[in-house]
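Summary of structural features
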Amino acid sequence: GHVPVDVEEVPDGVRTTWLPWAARVTLVEAAVLLVAGLGAGTINTVVGSGSLITFPVLLAFGYPPVVANMTNNLGVLPGSMSGTVAYRAELRDQWPRALRLVGASVVGGLLGAVLLLRLPAAAFDAIVPTLILLACALVVLQPWLRRRISARRRTPGGRPGPALSAGVFSTGVYGGYFGAAQGVLLIALLDILLDDELNRLNALKNVLATGANGAAAVVFVVHGGVAWDAAALIALGSVVGGQIGARIGRRLPPGIYRGVIVVVGVAAVVKLLVP
């Protein structure tokens, strides 16, 4: 069974673990984290919201919410990078606009990460259930949103404007602070404000999400408190999942994985709210 995790309070209220790697993660937990990372990497590459799988798993294994959030960020980041590489064909002629937008995403991610560490841990505990439920709602509503967006008449052209940069910055703040369903928010934003194929916008979404998550990861590494064993296991799974998501993820019945995400997300809310 799982060995209870000793924790030590650090000055800003973030709780972190100090036991040896073998004492913190059993073989069963390691396997679950690998599979969760695989699922998160696949779903993040296809649509986003994969953190609604890995974050609840970390909570279930006893990691405090803020530690689980930082660990999850480090774990799913390599999967985002993997998905970006897998979408390199779709990105070949998009790099100019990607580079114009990624700066806003990076700055937003930095701000979100700083807010996570500066605000009281109790604020995160209070805010996250609402964010998870919002993310679940976005996952459920995304097909409807996509149909509504696709029905709009848009002027051809793919050059980012101020409204898009501001929106990307806002999603970056959200991604740095929590991140679940950041990809859903990004793809909806890009699809509203850019006239392009959804597959190409999804590739651009992966670049922007990687920028925000990477910036937040730097803050978390410098700050300390990441459960590196769990992060490494999620990362291994997410790298493979990133490749799967780009190649065959679109062939999966969307209703199935949307249902799984919602169930897992609701379970996370219950875990956070019920003592």
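Residues numbered from 1 in each chain as written. Predicted model: local features only at pLDDT ≥ 70, side-chain atom pairs only at ≥ 80, totals over all residues. Heavy atoms only, no water.

1. Re the pattern of salt bridges
Proximity of charged atoms lets side chains of opposite charge pair with each other. Taken as a whole, this structure holds 3 salt bridges when the rule is applied. Its salt-bridge partner being R200, residue D93 comes within 2.8 Å of it at the nearest N-O pair. Of this pair, D93 sits in the loop between α5 (88-91) and α6 (95-118) while R200 sits in helix α10 (residues 198-223), and the two are 107 residues apart along the sequence. Under the relative-accessibility criterion, D93 is labelled exposed at 55%. (Salt bridge = Lys/Arg side-chain N within 4 Å of Asp/Glu carboxyl O. Helix = DSSP H or I, 4+ residues; strand = E, 2+ residues; numbered from the N terminus. Buried < 20%, exposed > 50% of the residue type's maximum accessible area, 1.4 Å probe, protein only.)

2. With respect to the packing of helix α3 (residues 51-60) against helix α4 (residues 65-86)
Where α3 contacts α4, the axes come no closer than 9 Å and their chain directions differ by 135°. Here α3 is positioned oblique relative to α4, judged by the angle of their axes. Here α3 runs over α4; the crossing is right-handed. Across from S51, T54, F55, L58 and L59 in α3, the residues of α4 making contact are P65, A68, N69, T71, N72 and V76. Here the contact of α3 with α4 is composed, by residue class, of 6 nonpolar, 5 polar and no charged. (Axes fitted to C-alpha atoms, helices over the stretch in contact; angles between N-to-C directions. Parallel < 35°, antiparallel > 145°, perpendicular 65-115°, else oblique. Left-handed = near helix turned anticlockwise from the far one by under 90°. Contact = heavy atoms within 4.5 Å. Nonpolar A, V, L, I, M, F, W, Y, C, P; charged D, E, K, R; others polar.)

3. Topic: the environment of G75
By the secondary structure assignment, G75 is in helix α4. G75 sits 38 residues away from G37 along the chain, and the two C-alpha atoms are 7.4 Å apart. Every residue in contact with G75, bar those within four places of it in the chain, is listed here: A231, I234, A235 and S238.

4. Focus on the environment of N44
Mapped onto the elements, N44 comes out in helix α2 (residues 27-46). Through-space distance from the C-alpha of N44 to that of G83 is 8.2 Å; in sequence the pair is 39 residues apart. Contacts of N44, omitting those with residues within four sequence positions, involve S49, G50, S51, V76, K205 and N206. In this structure the side chain of N44 is engaged in a polar contact, spanning 2.7 Å, whose partner is the backbone nitrogen of G50. (Polar contact = N/O pair within 3.5 Å; in protein donor to acceptor, adjacent residues only side chain to side chain.)

5. Brief notes about the packing of α4 against α10
Between α4 and α10, the least distance of the axes is 9 Å, while the angle of their chain directions is 145°. Handedness of the α4/α10 crossing: left-handed. Facing α4, whose interface residues are M70, N73, L74, L77, S80, M81, G83 and T84, α10 presents N206, V207, T210, N213, G214, A216, A217, F220, V221 and H223. Of the residues in the contact of α4 with α10, the class split is 9 nonpolar, 9 polar and no charged.

6. Thoughts on empty space enclosed by the protein
By the definition in use, this model includes 2 cavities of 30 Å³ or more. What the largest cavity holds in volume is close to 190 Å³. Looking at the lining of the largest cavity, the elements with two or more residues in it are α2, α4, α9 (182-193) and α10. Considering each element in turn, the lining of the largest cavity owes the most residues, 5 residues, to α4. (1 Å grid on protein atoms, 1.4 Å probe; cavity = no way out; pocket = protein on both sides within 12 Å on 5 of 7 lines; lining within 4 Å. Points joined across faces, edges and corners; volume = space filled by probe spheres on them.)

7. So, the nonpolar core
Considering soluble globular proteins, one finds that nonpolar side chains tend to be buried as a cluster. Membership of the largest hydrophobic core comes to 50 residues, with the highest contact counts inside it found for L33, F55, Y63, F124, I132, F178 and F220. Sorting elements by how many residues they give to this core places helix α7 (residues 121-150) first, with 8 residues. (Core = buried A, V, L, I, M, F, W, Y, C linked by side-chain atoms within 4.5 Å.)

8. Section: the confidence of the model for the protein chain
For the protein chain, the average pLDDT comes to 80, and 80% of its residues sit at 70 or higher. Ranking the helices and strands of the protein chain by mean pLDDT puts α6 first, with 95, and strand β2 (residues 15-17) last, with 40. Counting contacts from residues 1-23, a segment whose pLDDT is below 50, to residues more than four positions away or on other chains yields 42 contacts. (pLDDT = per-residue confidence, 0-100.)

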